[in-house]
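# Structural overview for review
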Amino acid sequence: MRDHPDSTSAFREHSAIIFVNSAAGGGRARVCLPRIQEVFKSLRMQAQFVMPKSASELESCAHNEILRGQHLLFAMGGDGTFQALVNASFGADVVLGVLPIGGGNDFASALGLPSDPAEAAEAMLCGPPRYVDLVRVRTADERTRLYAGGGGVGLDAEAARHAGGAYRHLPGRFRYIAAALHALAGYVPLGIRVDFPASDMPSFEAKALLAAVLNSPTYGAGVRLAPDAAVDDGLLHVVLIEAISKLGVLALLPRLMGSGELRTARLKRWLAKRVKLTTNRPCLFHGDGEILGPTPVELEVVPKAVRVLAPVLR
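In every chain, residue numbers begin from 1 and rise along the written sequence. Predicted model: local features are reported for residues with pLDDT of at least 70 only, side-chain atom pairs are reported and counted for 80 or more only, and whole-chain, interface and lining totals are derived from all residues. Derived side-chain values reflect all non-hydrogen atoms in the structure, with water molecules and hydrogen atoms excluded from consideration.

Let us now look at the overall build of the protein. Within the protein one finds eight helices and 15 strands. Only protein chains enter the accessibility calculation, which uses a 1.4 Å probe; a residue whose area is less than 20% of its type maximum is buried, one above 50% is exposed, and one in between is partly exposed. For the protein, buried positions account for 54% of its 314 residues. For the area figures, the Shrake-Rupley method with a 1.4 Å probe applies, and any residue is considered shielded solely by the protein chains shown. Of the accessible surface of the protein, which amounts to about 13,800 Å², a share of 52% is contributed by carbon and sulfur atoms. Numbering goes from the N terminus for both helices and strands, where a helix is a DSSP run of H or I of at least four residues and a strand is a run of E of at least two.

By convention in these notes, a salt bridge is any Lys or Arg side-chain nitrogen within 4 Å of a carboxyl oxygen on Asp or Glu. All told, the structure shown has ten salt bridges when counted by the stated rule. With a closest N to O distance of 3.0 Å, Arg-35 and Asp-116 form a salt bridge. Taken together, the residues Arg-35 in helix α1 (residues 28-42) and Asp-116 in the loop between α4 (106-110) and α5 (117-125) connect sequence positions 81 residues apart. By relative accessible area, which is 19% here, Asp-116 ends up buried.

This paragraph deals with the nonpolar core. Residues belong to one nonpolar core when they are buried, are Ala, Val, Leu, Ile, Met, Phe, Trp, Tyr or Cys, and are joined through side-chain atoms within 4.5 Å. Membership of the largest hydrophobic core comes to 54 residues, with the highest contact counts inside it found for Phe-74, Met-76, Phe-82 and Leu-111. If you tally residues by element for this core, the top one is α1, at six residues. Ignoring any residue separated from it by four or fewer positions in sequence, one finds Phe-82 in contact with Ala-75, Leu-96, Gly-97, Val-98, Phe-107, Ala-148 and Val-308. Whether two residues are in contact is decided by their heavy atoms, any of which lying within 4.5 Å being enough.

Note on geometry: axes are C-alpha line fits, over the in-contact stretch for helices, and angles between N-to-C directions span 0 to 180 degrees. At their nearest, the axes of α1 and α5 sit 8 Å apart, and the two run at 30 degrees to each other. Taken as axis vectors, α1 and α5 run roughly parallel relative to one another. Handedness of the crossing formed by α1 with α5: right-handed. Residues Arg-28, Cys-32, Arg-35, Ile-36, Val-39 and Phe-40 of α1 pack against Pro-117, Ala-118, Ala-121, Glu-122 and Leu-125 of α5. We call Asp, Glu, Lys and Arg charged. Ala, Val, Leu, Ile, Met, Phe, Trp, Tyr, Cys and Pro are nonpolar, and the rest, Gly among them, are polar. Of the residues assigned to the contact of α1 with α5, the class counts are eight nonpolar, no polar and three charged. These descriptions rest on fixed angle ranges, namely under 35 degrees for roughly parallel, over 145 for roughly antiparallel, 65 to 115 for roughly perpendicular, and the rest for oblique. Helix crossings are classified by the rotation of the near helix relative to the far one: an anticlockwise turn of less than a right angle makes the crossing left-handed, while a clockwise turn makes it right-handed.

Moving on, we come to the side chain of Glu-59. Here Glu-59 shows up in helix α2 (residues 55-67). Here a polar contact is recorded for every N or O atom pair within 3.5 Å, except that within protein the pair must consist of a potential hydrogen donor and a potential acceptor, and residues adjacent in sequence are included only if both atoms are side-chain atoms. Engagement of the side chain of Glu-59 in a polar contact is seen with the side chain of Arg-145, the distance being 2.8 Å. Ignoring anything within four residues of it in the chain, the contact list for Glu-59 reads Ala-84, Asn-87, Ala-88 and Arg-145.

Right, let's talk about the confidence of the model for the protein for a bit. Confidence of the prediction at every residue is given by pLDDT, a number between 0 and 100. Predicted confidence across the protein gives a mean pLDDT of 85, with 78% of residues reaching 70 or more. Low confidence marks residues 1-9, where pLDDT is under 50. Its contacts with residues over four positions away, or in another chain, come to 25 contacts.

With that settled, consider the environment of Ile-101. Inspection of the secondary structure puts Ile-101 in the loop between β4 (95-100) and α4. Counting along the chain gives 73 residues from Ile-101 to Arg-28, while the straight-line C-alpha distance between them is 6.2 Å.

This next bit is on α2. One fewer than the residue count of a helix, multiplied by 1.5 Å, yields its expected span. Taking 1.5 Å per residue as the helical rise, α2 with its 13 residues ought to reach 18 Å, and the 18 Å between its terminal C-alpha atoms agrees with that figure. Buried residues of α2: Leu-58, Glu-59, Ala-62, Glu-65 and Ile-66, and no others. Looking down the long axis of α2, one finds its buried residues gathered within 130 degrees of arc, a one-sided arrangement. Relative to its buried face, α2 has exposed residues pointing more than 90 degrees away, namely Ser-56 and Leu-67. A positive phi of about 100 degrees marks Gly-69, the residue just after α2. Of all possible arcs, the one meant is that of the directions from the helix axis to the C-beta atoms.

Written out as C-alpha cells, the structure reads:
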C-alpha cells in the first residue's frame, strides 16, 4: 500500500477490516452480511468483520487498527458510519471503502456505487482507489470534524435529528421527508448570514428554511440540492433555501419523493473554498446526518483528503 497501487489487485494480499453498523438501514446488516462475506471470499481477500457499539467505538477501533499497520478499512453502514471512519483515519496511509446499507447512502451514490451492498463490494474491489475531497467544519464549541457528503443548518438539521429517532426504520428518502415534515410543523424560519472568508464574494443574509454545504450532489437520501457537485472538484457547494410557507414546502414534495429534484425560485447557490454560517438564534449543524455542534460554523474544503475504493470510471 505504500506504493499507492493503481488497482485493488495490488493489495489483495492485505486483509480488510469491515466496521459494521448493525443498526444502519433498520438492521439491514444481518441480511446483507452473508452475501458481502461471499464477495470477499470469491476474490480471495481475507476480511474481518467488526461490529462496534457506537460511532466513538468505531473510531477508536479504526485508529488502533491503523496503528497496527492495517491499510484497508471499510464502513458498512450509511453516511454517518463512513464519517466516523473518515475522522478516525484522516492523515493515515490507508484506503477506505463504503458498503451502503444506511438510510441515505448519498456519498456512496456520488462515487457511482450500486445501491445493493454486495454489488457495491464487488464493484469497489474490482476498481481502483481514487482521491476525494472532504469538508472540515469547526463549530462554535471549537470542535472540528470532517464529513464526506452534505451538511447543513435549519430545517434539515432538525430533520436529521428526527430521522435518527422515530423514523429510523423508514426506507431511504421517505425517512428524511417524513422527518422533515415532522420538523416543519413547528419550524420558524431562521435568520442566516453566509460569509465567504478570504474571498471577494459578497455576504448574503436572509430568512431561510435551511442552508447547506455539500461535497456530494445529494443528501437526505437523494435530494438533489447540488446536482453539479462532484466529490473531487475541490469546491464547496453552498445552498440556501429562503423562507417558504408550509404550503409551499408541501407543494415541492411530489417531485422530491419522485426524482429528488428541488425546483424553487427561493433557492440560492454558490461555489466556494471556505464559508461561514451564522444564525440569529442558537441552532445545530449536521454533517452526513450526524449532529456536529452549534452555530456559528466555519467550513472549508479539504481537497484530495482521502483515498477511497470506487468503481471504474466510464
